[in-house]
Amino acid sequence: MCAIAGILGIPTEDAVCRKMLATMSRRGPDATGFCSVDDGWLLHARLAVIDPSGGSQPMTLRSGQEEYTIVYNGELYNTPELRQRLSKLGHEFEGNSDTEVLLHCYAQWGEACLEELNGIFAFAIWEAGRKRLFLARDRMGVKPLFFTERNGGLLFASEMKTILAHPCVPAELDAEGAAQILLLGPGRIPGSGVFRGIRELQPGECAFYENSRLNVWRYWYLTDREHRENFQETAEHVRMLVLDSVLRQTVSDVPIGAFLSGGLDSSLITAICARKMGRKQLPTFSVDYVDNDKYFVPNKFQPNSDGEYIRLMAETFRTEHHWCILSPEDLIAELDNATFARDLPGMADVDFSLLAFCRKIKPHVTVALSGECADEIFGGYPWYRDPEVRNQDGFPWAQNTAYRTEMMASDLRSKVNGEDFVRAQYEKTCAESDILPDCTAQEKRMKQMVNLNLRWFMQTLLDRKDRMSMYSGLEVRVPFCDHRIAQYLYGVPWAFKDYRNKEKGLLRTAMEGILPEKVLWRKKSPYPKTMDPKYYALVRDRMLDLLKTTNAPLFALVAREKVQQLLLEEPAWPWYGQLMRRPQTIAHLLQINSWLEQYHVNLLW
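A quick note: this is a predicted structure, and the numbers were derived from the prediction, not measured. In every chain, residue numbers begin from 1 and rise along the written sequence. In keeping with the model being predicted, local features are shown solely for residues with a pLDDT of at least 70 and side-chain atom pairs are shown and tallied solely at 80 or more, while totals for entire chains, interfaces and linings include all residues. In computing side-chain properties, one takes all heavy atoms of the structure into account and sets aside hydrogens as well as water.

(A) Inspection of empty space enclosed by the protein at higher detail. Residues are called lining when one of their atoms sits within 4 Å of a cavity or pocket point, these points coming from a 1 Å grid over the protein atoms alone, where a cavity is a set in which a 1.4 Å probe fits but cannot get out and a pocket is an open set with protein on both sides within 12 Å along at least five of seven lines. Grid points are joined across faces, edges and corners, and a volume is the space filled by probe spheres set on the points. Within this structure, the stated rule accounts for nine cavities of 30 Å³ or more. The space that makes up the largest cavity amounts to roughly 730 Å³. What lines the largest cavity is a set of 43 residues, and nearest its centre among them are Glu 372, Lys 524, Ser 525, Pro 526 and Tyr 527. Where the lining of the largest cavity is concerned, the elements lending two or more residues are α7 (264-277), β15 (283-289), α12 (349-361), α13 (374-378) and α19 (441-470). With four residues, the top contributor of residues to the lining of the largest cavity is α19. Residue polarity follows a fixed list, in which Ala, Val, Leu, Ile, Met, Phe, Trp, Tyr, Cys and Pro are nonpolar, Asp, Glu, Lys and Arg are charged, and the others, Gly among them, are polar. For the lining of the largest cavity, a count of residues per class yields 22 nonpolar, nine polar and twelve charged. Estimated volume of the second largest cavity: approximately 140 Å³. Around the second largest cavity, the lining is made up of 16 residues, and of these Arg 188, Pro 190, Glu 200, Arg 455 and Gln 459 lie nearest the centre. Put simply, DSSP H or I for four residues or longer makes a helix, DSSP E for two residues or longer makes a strand, and each gets a number counted from the N terminus.

(B) Examining the packing of aromatic side chains more closely. To pair, rings of Phe, Tyr and Trp, with the six-membered ring standing in for Trp, must have centres within 6.5 Å; the planes then decide the type, stacked if under 30 degrees apart, edge-to-face if over 60, and tilted in the middle. Evaluation of the coordinates by the stated rule reveals 25 aromatic pairs. Relative to Trp 217, the ring of Phe 208 has its centre 5.7 Å away and its plane inclined at 40°; by these criteria the two rings are tilted. Taken together, the aromatic side chains of Tyr 381, Trp 383, Phe 395, Trp 397, Tyr 426, Trp 456, Phe 457 and Tyr 576 make up a single cluster linked through ring pairs. Lying over the aromatic face of Trp 575, Arg 404 brings its terminal NZ or CZ to 4.2 Å of the ring centre. The lysine or arginine in question, Lys 518, covers the ring of Tyr 309, its NZ or CZ lying 5.7 Å from the ring centre. Placement of a charge over a ring requires the Lys NZ or Arg CZ to be within 6 Å of the ring centre, with the centre-to-atom vector within 35 degrees of the ring normal.

(C) Summary view of the sheet that holds strand β3 (residues 40-46). Spatial ordering of the open sheet is given by β2-β3-β1-β9-β8-β11, a layout of six strands whose pairing is antiparallel. In the strand order of this sheet, the two ends are held by β2 (31-37) and β11 (199-200), each with one partner. At least two bridges found by DSSP between two strands is the condition for calling them paired. In this sheet, β3 lies alongside strand β1 (residues 2-8) in antiparallel orientation, the contact comprising seven bridges. Each residue of the ladder has a partner; that of Ile 4, found in β3, is His 44. Contacts are residue-level and defined by heavy atoms, with any inter-residue pair within 4.5 Å sufficient. Whenever a helix is involved, its axis is fitted only over the stretch in contact; in every case the axis is a line through C-alpha atoms, and angles between N-to-C directions fall within 0 to 180 degrees. Here helix α1 (residues 14-23) sits on the sheet in contact with β1, β2, β3 and β9 (153-157), set at roughly 30° to β3.

(D) Fine view of helix α2 (residues 79-88). Think of it in three bands: residues with accessible area under 20% of the maximum for their type are buried, residues over 50% are exposed, and the middle band is partly exposed, with areas taken using a 1.4 Å probe on protein chains only. Along α2, the residues that are buried comprise Thr 79, Leu 82 and Leu 86. Looking straight down α2, one finds its buried side chains confined to an arc of 65°; they lie on one side. For α2, exposure combined with an orientation more than 90 degrees from the buried face picks out Pro 80 and Lys 88. Along its buried surface, α2 packs onto β5 (66-76) and α3 (98-109). Gly 90 sits one or two residues past α2 and shows a positive phi near 100°. The directions from the helix axis to the C-beta atoms are what the arc is built from.

(E) Highlighting the state of the cysteines. A pair of sulfur atoms, both from cysteines and within 2.5 Å, is called a disulfide here. For the structure shown, the criterion picks out zero disulfides. The thiol sulfur of Cys 17 is not disulfide-bonded, and the nearest other cysteine sulfur, from Cys 35, lies at 10 Å.

(F) Geometry of the nonpolar core. Take the buried Ala, Val, Leu, Ile, Met, Phe, Trp, Tyr and Cys residues and link them wherever side-chain atoms come within 4.5 Å; each set so joined is a nonpolar core. By size, the foremost hydrophobic cluster in this structure holds 172 residues, and its most contacted members are Phe 195, Met 543 and Trp 595. Of all the elements, α19 adds the most residues to this core, at twelve residues. If sequence neighbours within four positions are ignored, Phe 195 has contacts with Met 160, Leu 164, Ala 171, Glu 172, Asp 343, Leu 344, Trp 595, Tyr 599 and Val 601. Leu 76, Leu 86, Phe 121 and Phe 123 belong to the second-largest nonpolar core, a separate cluster that totals 25 residues.

(G) Representation of the pairing of strand β6 (residues 119-127). With respect to burial, β6 is a largely interior element, nine of its nine residues being buried. Burial along β6 is two-sided: the face carrying Gly 119, Phe 121, Phe 123, Ile 125 and Glu 127 and the face carrying Ile 120, Ala 122, Ala 124 and Trp 126 are both buried. Both β5 and β6 contribute to a ladder of nine bridges, which runs antiparallel. Residue pairing in the sheet places Tyr 72 in a bridge with Phe 123 of β6. Both β6 and strand β7 (residues 132-137) contribute to a ladder of six bridges, which runs antiparallel. Counted as the bridge partner of Trp 126 is Leu 133 from β7.

(H) View of unusual backbone geometry. Along the chain, Gln 57 connects to Pro 58 via a cis peptide bond; the corresponding omega equals -5°. Assignment of secondary structure puts Pro 58 in the loop between β3 and β4 (59-63). One non-glycine residue, Val 194, lies in the positive phi region at around 70°. On the secondary structure map, Val 194 appears in the loop between α5 (175-184) and β11. At His 600, a position not held by glycine, the phi torsion is positive, near 50°.

So, to be careful, I would describe these as geometric facts and stop short of saying anything about function.
Put into structure tokens, the structure is as follows:
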């Protein structure tokens, strides 16, 4: 993986390019490069995974009458097939990188090449003869790509900090951006960068920039179709897709490992990878917290802790297992780092722990596989299976708009109607869902739920995974986020997905024989968080100190008295999902303050 950036139509000195490149060094610690194009620059920072000795970027190809230059962040998992097809069409290759294959794909098929790609990517290709730029992002939105149009030109980058390093882009927050942070955060509107004027190419979108005009369109989205296979055929199809996706993503020229939480998804990936490696041990990694056994309290979401399942998996598949044990102090120490890594306030200690975890993994491997996205696609979250929650209007992971609105500072609240703002985004996403006209009411609702989750909740988790891992130059791959799996599952009836009234019952059935039964049918367990009361004490004390500060920027967005009330009582609903209860909500508010200070954000209301 890498970081990319570009500047077109905006006069920019070499020193500014180098300043922007410096912001990209964590994502691409192995090499940097930049080149001038007509009226602009392309920048690249590389994390070498495939063909470390080759694949340097920016990379240029002369084909026919055109010259193409690419900067690319991602991995193509069908590189061998593409290379073979292109070779038959007369293309010749100098190295073994997927960057070179992608560049030849574009030279051969133009923007239609996107239909041929299986992978995660964000890239830009400059066509020197036509003087135009092509931008594209992968179908599921695993790799980021932000942009802004300023002064008659275009800036784009993998992360917003790189764009903000250019002197023509101030860090500004208007009332809509503030509303996103307080009413939707840590989620955000698809395509929005929250900062005023900064946007993100959405999953499955691409664009041409030509003659100072940007034309964006969506080349892929989930489409509904009649499902003709019976349950057994469906299970066999799912098994084939999952096995193929995981095995494709084990290809690497650098050390590779797997996250192992003891849950279904990461355990499946671990088992498949370990079997492929044969006698060579697979490095696996788990996160836990000091004294969590002491403080763990079973609940309906997490009836048991992960430890025994992790140990069973490590022993069964003889992995080279590593534990990362974090203290409350370790978590709070990452608050500012995690905010900077994400460029926005994030998921509190859910981010902090992953950031610290990835830092400790990096000395062992450069690539790791993780189980994200299975819950969104296969219907694993509680809100898929609780009729009361899933049938309510509104985002099911944040049924607290009234509470969030009350948290807003009075001046900001006077400019935003919280209920209307959130409902408009929710209804827009539901309306965008592609659904066959003869669907039952339940099937229609479940397809809306899938689209809501893929467009919102999953994007928040993918942001987290990408930023927290790439902060340490660790590439994390997500095999369940294969667009073929998402597209196929979208048309599968809910009764199949919920087989035996069990979350992800279809996936469990499809993968029988791969895992120990105890792991295969274990109840879903959320991402582990610390139960230590010391963590709450740390974030509470830090917030108490902030409340004593008269000019803390947080209180331009959030009512001081509502924060004081939060310290006294647990809200009725979690702030976001299952994991952000009172300690995490306080930490999230601290992140907002840290973000406003770190980025010197100008408030525009």
